[in-house]
Amino acid sequence: MMTRREQLLPLVVALVSVIACKREPEPAAATPLAAASESVTPSVENGSAGAEPEAEAEVLEVMQALGDQGAAVVVVRPRHWASLHDVLVPWSTTLPREASMLADLLQERTGLRRYVARWLDATPVELEGWDEARSVVISYGEVPYGGPPGMATPSMSTAAGRLLPVRHQVWMPASDPAALVASLDRMLAGQGAPFPLLVEGRAGAKALRGDAVTVAILPLEKAVRVVVFQGAFGVDEALLLEHMRSHLDASPAVAAPTPARALLVRPDAVVSALVRPWRMRPLAAWTGSVEILDAVATVSPDWREGAISRGLQIVLDAELLMTDEGAELDDSAQSLVVDDGVLRLRSAMSLTPEGEGILAAASRGAGRVLAAPVDDAWVDVAVQADVRAMLEATAAPPGFEAAEAAGELARAVQEGGYFATLYMALRHPFGALRVAEQLARRERLPVPIDVLPNSARVVWRGLGEQGPRVVVALGWAGDYVDRPLAGMVPVIKGEPGFESLRMDSIRRDGHPVTVFGLGGESASSLDAEEGSAVPGLVRARVSLARIGADLATRDPERAAWLTGAGEVTMTFEHRDRALLGELAWAPGKAAIQAKPVPRLEHEDWSSPVGMPVGDGARCLARAGRAVATGLGASVTVDPEHESAVLGRALAEAEEPLRCAEGHEATAEAAKGLRRMLGGTHR
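Residues numbered from 1 in each chain as written. Predicted model: local features only at pLDDT ≥ 70, side-chain atom pairs only at ≥ 80, totals over all residues. Heavy atoms only, no water.

Draft legend 1. Summary view of the overall build of the protein chain. Helix and strand content of the protein chain: 22 helices and 20 strands. Relative to its full complement of 682 residues, the protein chain shows a buried share of 53%. Sequence-distant contacts in the protein chain: of pairs separated by 6 or more residues, those separated by 24 or more amount to 73%. Summed over all atoms, the accessible surface of the protein chain reaches about 29,400 Å², with 56% contributed by carbon and sulfur. (Helix = DSSP H or I, 4+ residues; strand = E, 2+ residues; numbered from the N terminus. Buried < 20%, exposed > 50% of the residue type's maximum accessible area, 1.4 Å probe, protein only. Contact = heavy atoms within 4.5 Å. Areas by Shrake-Rupley, 256 points an atom, 1.4 Å probe, with all protein chains shown as cover.)

Structure below.
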């Protein structure tokens with residue numbers, strides 16, 4: 001099984017580059033861009049060291065030169081490390097003993113570098129020839145499989161015990177490529193033995209091979225590209241070498257001009273990342289296949305067939321859940337910016353036409369939240385969205401619409417694993433809520449959910465004699481009658497800690513508002529006369545300093561770091577064909593000025609991004625579900641009945657299989673599905 005160190009090696013290489021230098025970087029000069037692939041010669045030049053442009057041209061060009069096969073793209077900008085370091089160091093001195101390692105890491109620029117070197121079993125080295133004034137770009141999780149749902153799993157030879165490796169690429173700018181190659185070779189020497197056959201014929205290149213990771217270090221004109229192959233299983237040595245040699249070069253591709261891409265290439269971030277959910281699908285299938293092969297290696301031969309069938313069923317089911325059809329989001333990006341002592345973690349989720357329609361519906365019917373004084377609030381959250389309209393505008397994702405119970409849905413997501421869960425959050429977030437809401441309707445709920453609030457305000461004012469002081473105001477459209485909510489109050493008051501709960505029904509702007517108060521709070525705690533417009537969909541503010549001040553007498557050590565932690569704010573808004581968010585934190589500052597995410601210039605793009613959803617893809621998905629069902633059933637019967645079960649499954653899958661085989665893009669995958677039921681692994 002691959003160790004965590006081997007899995008994260010590409011990111012570690014980039015991390016080392018962030019903190020490897022001891023001097024402050026010089027401003028970037030205007031230099032021609034270096035290609036990320038020997039076959040690519042960029043023609044755009046980087047901006048000069050003056051006012052920072054809205055887009056970092058070199059990052060965009062390198063990203064496109066590396067190709068579009070990575071599940072994620074990470075950009076590290078070492079020139080901003082000092083500003084992050086300066087913000088965190090004063091606060092780190094107040095951390096409790098349990099966090100002493102973090103405080104130690106932040107005390108000096110090279111502290112983190114020592115820990116990374118220890119983790120790599122390597123000696124810290126200076127990265128000679130590295131141009132720290134320019135950005136490092138990583139393409140992570142490039143699986144040599146892909147296509148619509150149901151294509152990756154049958155394209156792999158998992159049942160036969162063979163699996164090609166996943167590839168990662170790290171592009172490092174260099175003032176002296178040869179010196180940087182030598183430095184990286186020394187730093188990674190502990191990861192394996194020299195492997196010159198891999199880079200034969202490539203002048204100045206180095207390569208090494210470990211137990212589960214093979215690394216090639218390739219010099220370019222003004223950069224070095226590190227290629228990492230990870231996790232090959234059962235592949236003939238000659239074929240594996242041929243595969244890796246043929247995949248040393250990048251395959252350039254134009255990235256869709258989405259808001260997420262625009263956020264990724266802004267030059268003000270210390271680090272930024274972009275996720276392509278549709279590329280997570282083959283990565284999930286590859287990771288699942290690794291787990292199957294690891295598991296099969298530990299079971300007795302008598303259990304091998306059943307373990308493979310059950311594993312393939314889980315992996316195929318998970319892949320089929322990760323559909324592009326009806327997607328609400330395309331790609332997503334996050335960036336960490338240091339802005340005058342404030343750390344701002346920004347996000348941009350590019351919306352498909354379906355996503356645009358859903359958020360437009362949520363905004364049209366949104367109410368105005370009640371105003372609340374926040375001078376003494378520990379936590380203040382305001383939401384302005386018509387949740388019912390949003391849900392009604394949302395369709396359940398394909399594969400979930402037939403779910404009959406919450407347990408069935410939870411089991412599907414659990415078996416799908418981390419990637420399937422993350423995919424739903426990044427591709428179908430509103431659809432997942434719609435499925436949960438539809439399942440909840442079938443349960444015996446104490447309060448009907450036919451009508452949902454169109455605004456909400458939650459304020460936690462601290463701790464009083466009666467416990468937490470909290471007030472919650474829910475705004476409603478129309479003439480909502482909150483009698484069911486009132487009926488719940490006596491029941492809740494019977495629970496420990498809720499004895500002081502009260503409910504008030506008021507009207508504001510002609511609409512009903514339900515206010516819950518705890519710890520002596522009531523409707524009078526909020527401004528019932530005038531509504532307050534909330535910029536965007538969600539706004540939240542948490543005063544860690546006030547919480548820390550209250551804890552000072554009970555837990556002085558933890559109170560100290562909370563008091564010094566200042567304030568955290570969060571906002572979400574719908575703008576620029578994207579769902580934009582920001583989580584801001586200012587250590588040592590009592591208050592933060594809320595700032596919108598900068599306007600992200602983008603162009604029209606073909607959405608949803610990923611494989612087009614055509615008739616062949618739909619047929620392949622139908623066939624895949626029938627095959628997965630058959631594989632699952634085959635492990636529940638006696639061996640003498642197994643062939644009959646698989647035969648029935650093949651008969652049920654016959655029509656969609658023929659349909660998929662009739663389309664060029666899905667024909668080979670359909671044949672792979674046939675083989676999965678045909679017993680070739682027995």
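Draft legend 2. Here's a closer look at empty space enclosed by the protein. On inspection of all chains with the given rule, the structure shows 2 cavities of 30 Å³ or more. Here the second largest cavity is characterised by a volume of approximately 40 Å³. Every residue lining the second largest cavity is listed: Arg 368, Val 369, Leu 370, Ser 455, Ala 456, Arg 457, Ala 473, Leu 474, Gly 475, Arg 508 and Val 513. Classifying every residue of the lining of the second largest cavity by side-chain character gives 6 nonpolar, 2 polar and 3 charged. (1 Å grid on protein atoms, 1.4 Å probe; cavity = no way out; pocket = protein on both sides within 12 Å on 5 of 7 lines; lining within 4 Å. Points joined across faces, edges and corners; volume = space filled by probe spheres on them. Nonpolar A, V, L, I, M, F, W, Y, C, P; charged D, E, K, R; others polar.)

Draft legend 3. Examining the nonpolar core more closely. Judged by nonpolar contacts, the single largest core of 47 residues is most densely connected at Leu 163, Trp 286, Val 627 and Leu 673. Those elements that provide at least two residues to this core are α11 (277-296), α12 (301-321), α15 (406-427), α20 (615-634), α21 (639-661) and α22 (667-677). Per-element tally for this core: the top contributor is α11, with 9 residues. Among the nonpolar cores identified, the runner-up in size contains 23 residues, and Val 59, Leu 66, Leu 220 and Ala 262 belong to it. (Core = buried A, V, L, I, M, F, W, Y, C linked by side-chain atoms within 4.5 Å.)

Draft legend 4. Quick look at unusual backbone geometry. Geometrically, the link from Ser 607 to Pro 608 is a cis peptide bond, its omega value of 5 degrees lying close to zero. Its location among the elements puts Pro 608 in the loop between β20 (578-586) and α20. Of note, Asp 340 is a non-glycine position whose phi angle comes to about 50 degrees, a positive value. Even without glycine at this site, Arg 577 takes up a positive phi of about 55 degrees. Tracing the backbone through its elements, the reader meets Arg 577 in the loop between β19 (567-575) and β20.

Draft legend 5. Main features of the state of the cysteines. Under the definition given, this model contains 1 disulfide. Residue pairing for Cys 619: its cysteine sulfur links by disulfide to Cys 659, the two sulfurs lying 1.9 Å apart. The disulfide joining Cys 619 to Cys 659 has a torsion of about 65 degrees about its S-S bond and is therefore right-handed. Of the two residues, Cys 619 sits in helix α20 while Cys 659 sits in helix α21, which places them 40 residues apart along the sequence. Given a relative accessible area of 21%, Cys 659 falls into the partly exposed group. (Disulfide = S-S within 2.5 Å.)

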